[in-house]
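One letter stands for each residue in the lines below.
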Amino acid sequence: MYRSHSCGELREEHVGKAVTLAGWVQKSRDKGFVVWIDLRDRYGITQLVFDAERTAPELLEKARNLGREFVIQVKGQVIERASKNPNIPTGNIEVLVESIQLLNPSLTPPFTIENDTDGGEDLRMKFRYLDIRRNPVKENLIFRSKVAMAVRTYLSAAGFIEVETPYLIKSTPEGARDFVVPSRMNKGQFYALPQSPQTFKQLLMVGGLDKYFQIVKCFRDEDLRADRQPEFTQIDCEMAFVEQEDILNVFEGLTKHLLQEIKGISIGDFPRMTYDEAMQRYGNDKPDIRFGMEFCPLTPTGGTFGFNIFDSAELVVGISVPGCAHYTRKKIDALIDWVRRPQIGAKGMVWVKYNEDGSLSSSVNKFFDEAGLKAIAKQMEANPGDLMLILAGETHKTRTQLSALRMEMAQQLGLRDPKVFAPLWVVDFPLLELDEETGHYHAMHHPFTSPKPGQLALLDTDPGAVRANAYDLVLNGNEIGGGSIRIHDKQTQSVMFKHLGFTPEEAKAQFGFLMEAFQYGAPPHGGIAFGLDRLVAILGGQETIRDFIAFPKNNSGRDVMIDAPAPIDDEQLKELHLKWDRSTE
Ligand code: ASP
């Protein structure tokens with residue numbers, strides 16, 4: 001038996017007991033006649049004591065020679081501490097050691113294994129196994145396991161079956177590039193790793209499984225934006241014989257359950273908003289509704305604004321930032337610089353202060369008299385003390401810019417409270433989205449999403465206007481889930497592929513299996529997938545998903561611990577029928 005107790009377990013009631021503990025040496029303090037060692041395992045820390053009066057000299061010497069992170073097993077007796085430590089659960093006791101067994105020595109760790117480590121991100125990732133010994137990382141992983149377990153419990157109780165789908169498949173378009181795997185046995189052919197199990201879960205519905213879920217890895221070869229991982233985990237779900245309403249109800253139920261179970265928070269029915277409304281009110285299809293500052297479009301009261309920048313713009317829209325009318329010129333200039341950064345891309349920004357004394361001042365005093373500014377304040381429903389920030393330009397761009405500014409102001413004002421949870425369903429997404437670069441439409445969600453009933457014909461006349469039975473679940477400004485009611489007949493699916501620019505031959509080559517399956521009694525079906533990494537991070541009140549992944553990749557998609565990706569040798573290349581042009585290295 002390696003241990004009788006864990007390092008987090010012993011209390012005053014154990015005083016007098018003979019125990020065996022095993023763990024890592026966190027640190028030791030040598031006061032000459034007494035040596036204390038903090039012994040750590042997953043469950044906590046127990047103080048070990050050796051002293052000249054009670055400990056044999058060889059043992060005291062042995063204790064002195066133990067370095068940080070040495071793995072040891074000790075036998076001893078639980079005693080009451082003379083000076084207690086109220087900060088840790090085992091703080092009232094210590095173990096007077098009678099024997100030590102060195103299980104494994106350790107090199108000096110490259111950073112301190114403490115809650116606040118001196119290790120930088122890169123070093124911690126390179127030695128992630130040491131990082132995992134630190135409480136914050138360990139606790140995040142335990143938290144993740146708890147969330148995953150709660151998901152499984154809820155969905156199984158609701159009759160869902162967990163089914164594994166293959167990783168070596170053919171491309172499933174979810175809008176990113178595929179990771180591909182060369183096939184040794186099939187010369188010149190490649191598998192693709194799933195961007196999601198989309199087609200398989202639909203086939204499971206054709207197979208009659210009715211309710212499916214899977215906590216599953218998905219792979220997307222995208223240019224990595226901050227906090228994206230090339231491989232990530234989804235809670236992937238599908239149901240047969242359902243309408244949108246059924247899906248929303250089941251997964252609202254799951255989300256409520258998680259909030260209750262994990263955070264102890266009960267939340268009433270989730271608000272819903274159409275995509276169009278979200279864009280108008282927040283300039284964003286995943287609005288953070290923990291705070292207001294909704295968009296107010298401005299229209300001229302008498303024909304024109306008399307201000308060319310506004311008059312020539314497709315959209316003039318602003319937000320009233322509460323309590324910021326006192327902002328200094330310098331602070332406002334910093335905001336103007338902020339919206340003009342290339343990442344945001346606004347040309348400029350108009351501000352109007354509604355001062356506490358009821359007077360108005362602005363950056364456009366030349367163009368607007370007191371009455372003009374009053375009219376703006378009225379349209380924006382501003383209150384004394386508010387700072388109005390207004391952007392003008394092309395509709396979509398201006399909304400996106402103002403949305404970023406709204407989030408920035410909320411951040412500055414501390415309105416994005418991680419302890420507040422504000423879920424929201426965004427529904428009625430457009431079916432197609434125009435790709436500005438190519439001028440072609442592509443599926444906004446994926447090609448298997450069904451248009452709203454009766455809107456199929458509109459695809460020919462006004463494709464951008466077609467709405468889909470597609471929905472996203474948004475939590476605190478993050479999309480945590482998204483799904484749709486699917487097409488389940490071959491005819492509609494063919495029409496959809498045609499509009500996405502596939503020739504019938506291409507559609508058949510890529511998705512023939514699905515179209516064929518649709519001819520064998522495919523039931524109406526729909527589903528959703530949640531991003532587990534992000535969900536866990538948000539529930540954990542943190543921003544970065546990397547902190548909740550045991551072995552994450554860095555921003556260049558590299559695993560710096562195992563040093564992947566890495567070249568493979570010529571022999572292996574040959575076996576895979578691949579040729580590498582070394583001249584490009
Ligand atoms: N496969 C979709 C996704 O990964 C989710 C769904 O439609 O169920 O976003």
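Because the structure is a prediction, the values reported are computed rather than measured.

**Q** Is there a simple way to explain the state of the cysteines in this structure?
**A** By definition, a disulfide is the covalent link that joins the sulfur atoms of two cysteine residues. One pass over the structure, following the stated rule, counts 0 disulfides. C218 forms no disulfide, and the closest cysteine sulfur to it belongs to C237, at a distance of 11 Å. Of the cysteine sulfurs around C296, a residue in no disulfide, the closest is that of C324, at 16 Å. When its relative accessible area of 14% is taken as the criterion, C296 is described as buried.

**Q** In this structure, what is going on with the pairing of strand 13 (residues 315-321)? I would like to understand it.
**A** Within a regular beta strand, the side chains point alternately toward one face of the sheet and then the other, so they alternate between its two faces. Burial within strand 13 is extensive, with 7 of its 7 residues counted as buried. Neither face of strand 13 is left uncovered, since the one carrying L315, V317, I319 and V321 and the one carrying V316, G318 and S320 both have all their residues buried. Both strand 12 (residues 296-297) and strand 13 contribute to a ladder of 2 bridges, which runs antiparallel. Directly across from C296, in strand 13, lies its bridge partner G318. With 7 bridges joining them, strand 13 and strand 16 (residues 387-393) adopt antiparallel strand pairing. Looking at the pairing, V321 lines up with L387 of strand 16.

**Q** What is the right way to read unusual backbone geometry from this model?
**A** Leaving glycine out, the prevailing phi sign among residues is negative, and the prevailing peptide bond configuration is trans. Cis peptide bonds are those with omega within 30 degrees of zero, and the linkage from A564 to P565 qualifies with 0°. Within the fold, P565 resides in the loop between helix 15 (532-539) and helix 16 (570-575). In this structure, F241 takes a positive phi of about 55° despite not being glycine. In this structure, F241 sits in the loop between strand 10 (231-240) and helix 6 (244-263). Its identity is not glycine, yet H577 carries a phi of approximately 60°, on the positive side. For H577, the position within the fold is in the segment after helix 16.

**Q** Can you walk me through the pairing of strand 21 (residues 478-485) in this structure?
**A** In terms of burial, strand 21 is largely enclosed, as 6 of its 8 residues are buried. One ladder, built from 5 bridges, connects strand 21 with strand 22 (residues 525-531); its direction is antiparallel. Its bridge partner lying in strand 22, G483 is registered against I528.

**Q** Whenever I open this one, the site of the ligand confuses me. Can you help?
**A** Taken together, 14 residues form the shell around the ligand, and within it E174, Q198, K201, H446 and R486 come nearest. H446 is positioned such that a nitrogen or oxygen atom in its side chain is 2.9 Å from an oxygen atom of the ligand. Residue R486 places a side-chain N or O atom 2.7 Å away from an oxygen atom belonging to the ligand. Here the ligand, which alone exposes 270 Å², has 92% of that area covered by the protein. Only helix 5 (198-206), strand 21 and strand 22 provide two or more residues apiece to the shell around the ligand. With 3 residues, the single largest contributor to the shell around the ligand is strand 22. Classifying every residue of the shell around the ligand gives 2 nonpolar, 8 polar and 4 charged.

**Q** Even after reading the chapter, I still don't get the packing of helix 4 (residues 135-157) against helix 6, so can you show me in this structure?
**A** A pair of packed helices can be characterised by two numbers: the angle between their axes and the separation between those axes. Between helix 4 and helix 6, whose axes approach to 10 Å, the crossing angle comes to 135°. Compared by their axis directions, helix 4 and helix 6 come out oblique. As helix 4 packs across helix 6, the resulting crossing turns out to be right-handed. In contact with F143, K146, V147, A150, V151, Y154 and L155 of helix 4, helix 6 contributes V250, F251, G253, L254, H257, L258, E261 and I262. Here the residues of the contact of helix 4 with helix 6 sort into 11 nonpolar, 2 polar and 2 charged.

**Q** Looking at this model, I keep getting lost on the sheet that holds strand 3 (residues 44-51). Mind explaining?
**A** Note: strands within a sheet are paired through backbone hydrogen bonds, in either parallel or antiparallel orientation. Spatially, 5 strands are ordered 1-2-3-5-4 in a closed barrel, and the strand pairing comes out mixed. Direction aside, neighbouring strands of the sheet carry axes that sit 55° apart on average. As paired strands, strand 3 and strand 5 (residues 93-104) are joined by 2 bridges and run parallel to one another. Within the sheet, the bridge partner assigned to L48 lies in strand 5 and is V95. Docked against the sheet, helix 1 (residues 57-64) engages strand 1 (18-30), strand 2 (34-41), strand 3 and strand 5, running at close to 70° with respect to strand 5.

**Q** Is there a simple way to think about the environment of I332 in this case?
**A** Its location among the elements puts I332 in helix 9 (residues 329-340). With 55 residues separating them along the chain, I332 and L387 place their C-alpha atoms 9.7 Å apart. In this view, I332 contacts Y327, W351, K353 and L387; residues no more than four positions away in its chain are not counted.

**Q** So what exactly am I meant to see when it comes to a negative patch on the surface here?
**A** Taken together, E314, E394, E436 and E437 make up a surface patch of like negative charges. With respect to the secondary-structure elements, E436 resides in the loop between strand 18 (432-434) and strand 19 (441-443). Given a relative accessible area of 78%, E436 falls into the exposed group.

**Q** Help me understand the pattern of salt bridges, please; the structure alone is not making it clear to me.
**A** When their charged atoms lie close together, side chains carrying opposite charge are able to pair. Here the structure, examined in full by the defined rule, presents 33 salt bridges. Across the pair E69 and R133 runs a salt bridge, and its minimum N-O distance is 2.7 Å. Taken together, the residues E69 in the loop between helix 1 and strand 4 (71-80) and R133 in the loop between helix 3 (128-131) and helix 4 connect sequence positions 64 residues apart. Residue classification places E69 among the buried residues on the basis of a relative accessible area of 3%. What you see here is one network of salt bridges that share partners, running through E121, R124, R128, D131, R134 and R546.

**Q** Even after reading the chapter, I still don't get the environment of G8, so can you show me in this structure?
**A** Position of G8 relative to the elements: it lies in the segment before strand 1. Sequence spacing of G8 and R40 is 32 residues, and the spatial spacing of their C-alpha atoms is 8.2 Å. Not counting residues within four places of it along the chain, the set of residues in contact with G8 comprises D41, Y43, G44, T46 and T90.

Parameters and conventions
Residues numbered from 1 in each chain as written. Predicted model: local features only at pLDDT ≥ 70, side-chain atom pairs only at ≥ 80, totals over all residues. Heavy atoms only, no water. Disulfide = S-S within 2.5 Å. Buried < 20%, exposed > 50% of the residue type's maximum accessible area, 1.4 Å probe, protein only. Helix = DSSP H or I, 4+ residues; strand = E, 2+ residues; numbered from the N terminus. Pairing = 2+ DSSP bridges. Near = heavy atom within 4 Å. Polar contact = N/O pair within 3.5 Å; in protein donor to acceptor, adjacent residues only side chain to side chain. Areas by Shrake-Rupley, 256 points an atom, 1.4 Å probe, with all protein chains shown as cover. Nonpolar A, V, L, I, M, F, W, Y, C, P; charged D, E, K, R; others polar. Axes fitted to C-alpha atoms, helices over the stretch in contact; angles between N-to-C directions. Parallel < 35°, antiparallel > 145°, perpendicular 65-115°, else oblique. Left-handed = near helix turned anticlockwise from the far one by under 90°. Contact = heavy atoms within 4.5 Å. Patch = residues over 30% accessible without salt bridge, like charges linked within 9 Å, V, L, I, M, F, W, Y side chains within 5 Å. Salt bridge = Lys/Arg side-chain N within 4 Å of Asp/Glu carboxyl O. Lys, Arg positive; Asp, Glu negative; His and termini not counted. Charge placed at Lys NZ, Arg CZ, Asp CG, Glu CD.

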